[in-house]
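Listed here are the chains, written in short residue letters.
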Amino acid sequence: MSESFPRLHARTRRFTLGVPRGFTISPDGARVLFLRTQSGTDPVTCLWELDTATHVERLLVDPRALDADDENLPPEERARRERSREQAGGVVAYATDSAVTTAAFALSGGLYVTDVAEGATRRLETPGAVIDPRLSPDGRLVAYVTGGGLRVHDLATGDDRALAEPEGDTVTYGLAEFIAAEEMDRHRGYWWAPGSDALLVERADEAPVQTWYIADPANPDRAAVPQRYPAAGTPNARTELFVIGLDGSRVAVPFEDEYLTTAAWDSHALSIVTMPRDQKALRLFTVDPATGAATLLREDTDDAWVEIVTGVPGHLDDGSLVWVADDEGGRRLFVGDRAITPPTLQVRDVLDIDRDTVLFRASGDPTEIQLWTWDGHSLMPVSTSSGVYSGRLSGGVGVLTEQSLEKEGVSATVVLPSGMTIPIPSLAERPGLDLRVHLGRAGTRELSTAVVFPSWHEPGSRKLPVLLDPYGGPHAQRVLAAQGMYLTSQWFAEQGFAVVVIDGRGTPGRGPAFERAVLNDLATPVLDDQIDALQGVAQQYPDDLDLSKVAIRGWSFGGFLAALAVLRRPDVFHAAIAGAPVTDWRLYDTCYTERYLGDPAVQPEVYDQSSLFADAAKLDRPLLLVHGLADDNVVAAHTLRLSSALLAAGRPHTVLPLSGVTHMTPQEVVAENLLLLQVDFLKKALGLA
């Protein structure tokens, strides 16, 4: 390998470049559109087509051929990419008409449409930079957001007109507000009617939301960037819904709950799903587009919180409702009022509904995410080997993506109704690591664990210093049967560590009760589980782990967990690297934080229990705090305030500020050197040669 792993890891955006993604299958199954860069180090994403009859790939859109400067992005688009954790450039998102004959996308603020059959792309004139263009189902019109307003462009006549204009600087039409995009996985704010004659449109007003300022101290000549940030216990944006007709008509769709979690508009119903501020209920309504009247169709409640599942609501061809809800201790797929899956199979999300067939992901073993279908009669596994799968389904044609511990990277395969398969090649770079990953269960709760040894380590030959590498919080797993989850962990292992990854209480895949064990305490259960499983792993590998030298590293929630570990349990943890840590949950956003800790004005003691500030005086282990100063998700104030508390307590520590870096670290030089600096810190902190 000509390049070091840290450099290649950075250049390839964590080996995601060159991987096919963003699949769309035409209703007749004749073609599959997808996104992919042209190499594993090329950051410019192109749009491609696969003809399922000839098995031939065709490059539809190359942004370089359009002279589109990807760096010239409007602020709203940069924010959208940050919320969706998009690491590449070029055509990173697109939308099609219902027949998949035309595609629309934004490049550098410009609006483009591609005739799929002809392979011809043209730019449309717009009055401003374009966000989130979406074609009408009949393909005649493309709607888009610019300047906070929603507009529609007629592809035949070139007529471009406003459907909704913002009434003030804090108002937007057609965009998902911060909370929806960051915490509800809803990245859109408008939905076309199936008849292409109207749209359901979100109006968001951020006026009630407090203003924070994201400064760049490395460039004092630049003004701080104002941002409306809804921290726990403070007001959210006001959201409203309207059905807006192409004739200019506007019908209000009132709802009482704090949050609009999602909406859907198909030939069977216009549906909206809402949630109150305490998140203990999820309400599904059907809406009359003519009057805006909403009828409650289903309500799910829980004393802790109700989880949002993506991909629902939907309908089978006969109009039966497709839904996911917690029932009998499991997260289950429902069709109508009937539970289709057993409680032991934890449904992750619904991917597609193709006439009378539902394609969804679910876990029996929490380390695996398998593909399943329900065809109205039978529940069938699509994937049968150990791994992490996803896919799409339309016109009887499927796309299956697979990751496993046996194969490098992500493989994508088109599956035809005949059973014939067509691979879609991945152009991703090979990491060049010899993975030595051992999955298992450890501790009194039999927690999912991965133990990663150096490729050169002979079992029982010597005890290695230990590095815990968790995320540890809700909504994310680290212990999965996929090589891509352990590339960085393996590289750290090659530097002389036994790396241990643990999914404790609060993480998904093991059922609602396991997830809800962190209610009112984001600190104690997650830290206890790391220690419990670490001790269990040490019993399994008594001659390979040196518990007198234990470090922990993490980012975001993992950063919080790493700092928590050395502050509260220095008897177990001897050094920590906390990247972008949440240090005081009062500084984090409403939807995420209040889901687990409630209202800080009502339960201040709960927030105090999960804060790091009261533990500052306890620090007597090496601690490295790393934070991007441009982070608008976990703002740098988290690290700076903890550093101030540590200084006030006279506790030495190290702070590494990253100028211009957001919650992600896509910059190559930063990402590469950050890995190298972490290894250097850990070796010095643990007294290693």
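Predicted model only: the values in this text are computed from it and were never measured.

Conventions adopted
Residues numbered from 1 in each chain as written. Predicted model: local features only at pLDDT ≥ 70, side-chain atom pairs only at ≥ 80, totals over all residues. Heavy atoms only, no water. Salt bridge = Lys/Arg side-chain N within 4 Å of Asp/Glu carboxyl O. Helix = DSSP H or I, 4+ residues; strand = E, 2+ residues; numbered from the N terminus. Buried < 20%, exposed > 50% of the residue type's maximum accessible area, 1.4 Å probe, protein only. Pairing = 2+ DSSP bridges. Axes fitted to C-alpha atoms, helices over the stretch in contact; angles between N-to-C directions. Contact = heavy atoms within 4.5 Å. Polar contact = N/O pair within 3.5 Å; in protein donor to acceptor, adjacent residues only side chain to side chain. Expected span 1.5 Å × (residues − 1).

**Student:** Just to check I follow, could you spell out the pattern of salt bridges for this structure?
**Tutor:** A side chain with one charge may pair with a side chain of the opposite charge, provided their charged atoms come close. If you walk through the whole model with that rule in mind, you get 42 salt bridges. Among the salt bridges present, the one from D469 reaches R553, with a minimum N-O distance of 2.8 Å. Of this pair, D469 sits in the loop between strand 39 (464-468) and helix 4 (487-494) while R553 is found in strand 41 (residues 545-555), placing the two residues 84 residues apart along the sequence. Assigned by exposure class, D469 and R553 land together as buried. A salt bridge links D571 to R569; the shortest N-O distance between them is 2.8 Å. Given a relative accessible area of 27%, R569 falls into the partly exposed group. Each of D302, D326, R331, E515 and R516 takes part in salt bridges that share partners, so that together they form one network.

**Student:** Explain unusual backbone geometry to me, please; I cannot follow it from the model alone.
**Tutor:** A negative phi holds for most residues other than glycine; trans holds for most peptide bonds. Cis geometry marks the peptide bond from V312 to P313; its omega dihedral reads 10°. Mapped onto the secondary structure, P313 falls in the loop between strand 24 (294-301) and strand 25 (314-315). The phi dihedral of E446 is positive, around 50°, even though this residue is not glycine. Exposure remark for E446: the relative accessible area of 48% places this residue in the partly exposed category.

**Student:** Even after reading the chapter, I still don't get the sheet that holds strand 34 (residues 397-403), so can you show me in this structure?
**Tutor:** An order of 33-34-35-36 is seen for the four strands of this open sheet, with the pairing classed as antiparallel. Because the sheet does not close on itself, it has two edges, and the strands there are strand 33 (388-394) and strand 36 (421-424). Pairwise comparison of adjacent strand axes, ignoring direction, gives a mean angle of 20° for this sheet.

**Student:** When you look at the pairing of strand 41 in this model, what are you seeing that I'm missing?
**Tutor:** Remark: a regular strand shows side chains that alternate across the two faces of the sheet. By the bridge criterion, five bridges tie strand 39 to strand 41 in an arrangement that is parallel. Paired with L464 across the two strands is L545, which belongs to strand 41. As defined by bridge partners, strand 41 adjoins strand 42 (residues 575-579) across five bridges and the pair is classed as parallel. Its bridge partner lying in strand 42, W555 is registered against G579.

**Student:** Explain the environment of D138 to me, please; I cannot follow it from the model alone.
**Tutor:** Residue placement: D138 occurs in the loop between strand 10 (131-135) and strand 11 (141-146). The sequence separation of D138 and A412 amounts to 274 residues, and the corresponding C-alpha distance is 29 Å. If we ignore the near neighbours within four places in the chain, the residues touching D138 are D97 and S196. Among the polar contacts listed, one links the side chain of D138 to the side chain of R140, at a separation of 2.7 Å.

**Student:** Sorry, what's going on with the pairing of strand 22 (residues 270-275) here?
**Tutor:** By the criterion of burial, strand 22 is predominantly enclosed, with six of the six residues buried. Of the two faces of strand 22, the one holding L270, I272 and T274 and the one holding S271, V273 and M275 are both buried throughout. Looking at chain direction, strand 21 (residues 259-265) and strand 22 are connected through six bridges and run antiparallel. Opposite T262, over in strand 22, you have V273 as the bridge partner. With antiparallel pairing between neighbouring strands as the criterion, strand 21 and strand 22 make up a hairpin whose turn holds four residues. Inspection of the sheet shows strand 22 paired to strand 23 (residues 281-287) by five bridges, in the antiparallel sense. Within strand 23, the residue paired with S271 across the bridge is T286. From the end of strand 22 to the start of strand 23, which pair antiparallel, there are five residues, and Q279 there has a positive phi angle of about 60°.

**Student:** What is the right way to look at the sheet that holds strand 37 (residues 437-442) in this model?
**Tutor:** Two pairing modes exist for strands in a sheet, parallel and antiparallel, and in both the strands are linked by backbone hydrogen bonds. Overall, mixed pairing links the eight strands, which are arranged 37-38-40-39-41-42-43-44 in an open sheet. Only two strands of the sheet have a single partner each, and these edge strands are strand 37 and strand 44 (654-658). On average, adjacent strands in this sheet sit at an angle of 20° to one another, irrespective of strand direction. Contacting strand 41, strand 42 and strand 43 (623-628), helix 7 (residues 557-568) runs over the sheet at an angle of about 140° to strand 41.

**Student:** How should I be thinking about the environment of L371 in this particular structure?
**Tutor:** For L371, the position within the fold is in strand 31 (residues 370-374). Sequence separation between L371 and T401 is 30 residues, and the spatial gap between their C-alpha atoms is 9.7 Å. Dropping the residues within four chain positions of it, L371 is found in contact with L351, L359, F360, R361, M380, P381, V382, S383, Y389, S390, G391 and L400.

**Student:** It is not clear to me how helix 11 (residues 668-685) should be interpreted in this structure. Could you clarify?
**Tutor:** Count 3.6 residues to each turn of an α-helix, and residues three or four apart come out pointing the same way. In this model, helix 11 (18 residues) spans 26 Å end to end at C-alpha, consistent with the 26 Å of a helix rising 1.5 Å per residue. Within helix 11, burial applies to A671, E672, L674, L675, Q678, V679, F681 and L682. One or two positions beyond helix 11, positive phi appears at G687, with a value near 70°.

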